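Letter by letter, the chains look like this.
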Amino acid sequence: MSTRKPYVRPMTGWWLKNPVYILYILRESTAVFVGIYAVILLVGLIRLSSGEAAWNNWLAAMQNPGAVLFHIVALCAAVYHAITWFSVAPKVMPPVWINNEKVPVEKIVTGQYILAGIIYLVLLGLILWG
Amino acid sequence: MSKRSNEPIVWSLFGAGGVVVAFSMPVFILITGIAVPLGIVSEDVISYERLAGFAGSWFGKLFLLVIISLPLWQSVHRIFLSLHDFGITGGEIFFRVVLYGAALWGTLLPLFLLVGM
């Protein structure tokens, strides 16, 4: 067995060294909140399938101050996910051509914001008054 | 036959999940996690009767499956790719099984529940 102990540059806290890295870590961290919220919805579905009493327990659990605080942070995370997703999307998808002209990246980003706004309003309308 | 990567499948689920999260999740978090619990919006909008009725329709089943399962795939894939950034460099197979296994469970369980509702 080798007794050699090569020097390995420590990488702890590397992402604190540049604002761009912090934003990157922030973006990746949104996945944790997205995952937890999806599990909360899944638990809700399990409760819903067990009957009305179980569903009402789930609704009551959502009123816990800790739960509300989590959802406020999760809302920020979901919105930040959306912002970063819209700005990356034109870079990973094939170029869009209209009248033999490539649609500029900024227009695709703006288009997604408009589409998201419409979908949010439609969803809210259907949930609140549907 | 050469060994094929399962990356395209996982990436497609990640991509679809990212779209679902970006275009719908803020509204669901706002309603279920903030507006209803704080009493800003009546509890009736997500009452048992209304949601059980929704889950009883085929459109409702598909809708609920999509908003639960796809965000999970998006989440686990992103967490898996970020492990390295937090200094976790080993146990790739372990993390693949745990994370993608969780997303698969979070797809099959709602599917099973919804079909029976």
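Our subject in this report is the structure included herewith.

## Focus on the overall build of chain A
When helices and strands are counted, chain A shows 4 helices and 2 strands. Helices and strands in chain A line up, N terminus first, as α-α-α-β-β-α. In terms of overall size, chain A is more extended than a compact globule, its C-alpha atoms giving a radius of gyration of 22 Å where 130 residues would be expected to give roughly 14 Å. Its C-alpha atoms give chain A principal-axis dimensions of roughly 65 × 60 × 30 Å. Counting the 130 residues in chain A, one finds 19% classified as buried. Expressed as a percentage of contacts within chain A between residues at least 6 apart in sequence, the contacts between residues at least 24 apart total 40%.

## As for the overall build of chain B
In terms of helices and strands, chain B carries 4 helices and 0 strands. The order of α-helices and β-strands along chain B, N terminus first, is α-α-α-α. In terms of overall size, chain B is more extended than a compact globule, its C-alpha atoms giving a radius of gyration of 17 Å where 117 residues would be expected to give roughly 13 Å. Principal axes of the C-alpha set define a box for chain B whose edges measure 55 × 35 × 20 Å.

## Comments concerning helix 4 (residues 105–129) of chain A
Over its 25 residues, helix 4 of chain A extends 36 Å from the first C-alpha to the last, a length consistent with the 36 Å expected when each residue adds 1.5 Å. Of all 25 residues in helix 4 of chain A, 2 are buried, a share of ten percent or less.

## A look at the environment of Leu30 of chain B
With respect to the secondary-structure elements, Leu30 of chain B resides in helix 1 (residues 7–35). Leu30 of chain B sits 59 residues away from Thr89 of chain B along the chain, and the two C-alpha atoms are 36 Å apart.

## A short note on the interface of chain B and chain A
The interface is formed by 42 residues belonging to chain B together with 42 residues belonging to chain A. Within the residue set of the side of chain B that touches chain A, elements represented by two or more residues are helix 1, helix 2 (48–56), helix 3 (58–82) and helix 4 (92–115) of chain B. In terms of residue count, helix 1 of chain B provides more of the side of chain B that touches chain A than any other element does, 14 residues in total.

## Side note on the packing of helix 4 of chain A against helix 1 of chain B
Interhelical geometry of helix 4 of chain A versus helix 1 of chain B gives an angle of 35° and a closest axis separation of 9 Å. Once helix 4 of chain A is placed against helix 1 of chain B, the crossing between them reads as right-handed. Seen from helix 4 of chain A, the contacting residues are Ala116, Ile119, Tyr120, Leu123, Leu124 and Ile127 of chain A; seen from helix 1 of chain B, they are Ala22, Phe23, Ser24, Pro26, Val27 and Ile31 of chain B. Considering only residue class, the contact of helix 4 of chain A with helix 1 of chain B consists of 11 nonpolar, 1 polar and no charged.

## Quick notes on unusual backbone geometry
The phi torsion of most residues other than glycine is negative, and most of the peptide bonds are trans. Residues and elements named next belong to chain A. Within the chain, Asn99 stands out as a residue other than glycine whose phi angle is a positive 50°. Its place among the elements puts Asn99 in the loop between strand 1 (97–98) and strand 2 (101–102). Even without glycine at this site, Asn100 takes up a positive phi of about 65°. Of note, Asn100 is situated in the loop between strand 1 and strand 2.

## Quick look at the nonpolar core
One recurring pattern in soluble globular proteins is that nonpolar side chains are buried together. With 43 residues, the main nonpolar core has Val34, Tyr37 and Ala78 of chain A together with Ile29 of chain B as its most contacted residues. Sorting the residues of this core by element identifies helix 1 (19–50) and helix 3 (65–92) of chain A together with helix 1, helix 3 and helix 4 of chain B as the ones contributing at least two each. Per element, the largest residue contribution to this core is 12 residues, and it comes from helix 1 of chain B. If sequence neighbours within four positions are ignored, Val34 of chain A has contacts with Ala77, Ala78 and His81 of chain A together with Val21, Met25, Pro71, Gln74 and Ser75 of chain B.

Rules and cut-offs
Residues numbered from 1 in each chain as written. Chains lettered and ligands numbered in written order. Predicted model: local features only at pLDDT ≥ 70, side-chain atom pairs only at ≥ 80, totals over all residues. Helix = DSSP H or I, 4+ residues; strand = E, 2+ residues; numbered from the N terminus. Rg over C-alpha atoms; globule rule 2.2 N^0.38 Å. Buried ≥ 20, exposed ≤ 12 C-beta atoms within 10 Å, placed from the backbone. Contact = placed C-beta atoms within 7 Å. Expected span 1.5 Å × (residues − 1). Axes fitted to C-alpha atoms, helices over the stretch in contact; angles between N-to-C directions. Left-handed = near helix turned anticlockwise from the far one by under 90°. Nonpolar A, V, L, I, M, F, W, Y, C, P; charged D, E, K, R; others polar. Core = buried A, V, L, I, M, F, W, Y, C linked by C-beta atoms within 7 Å.

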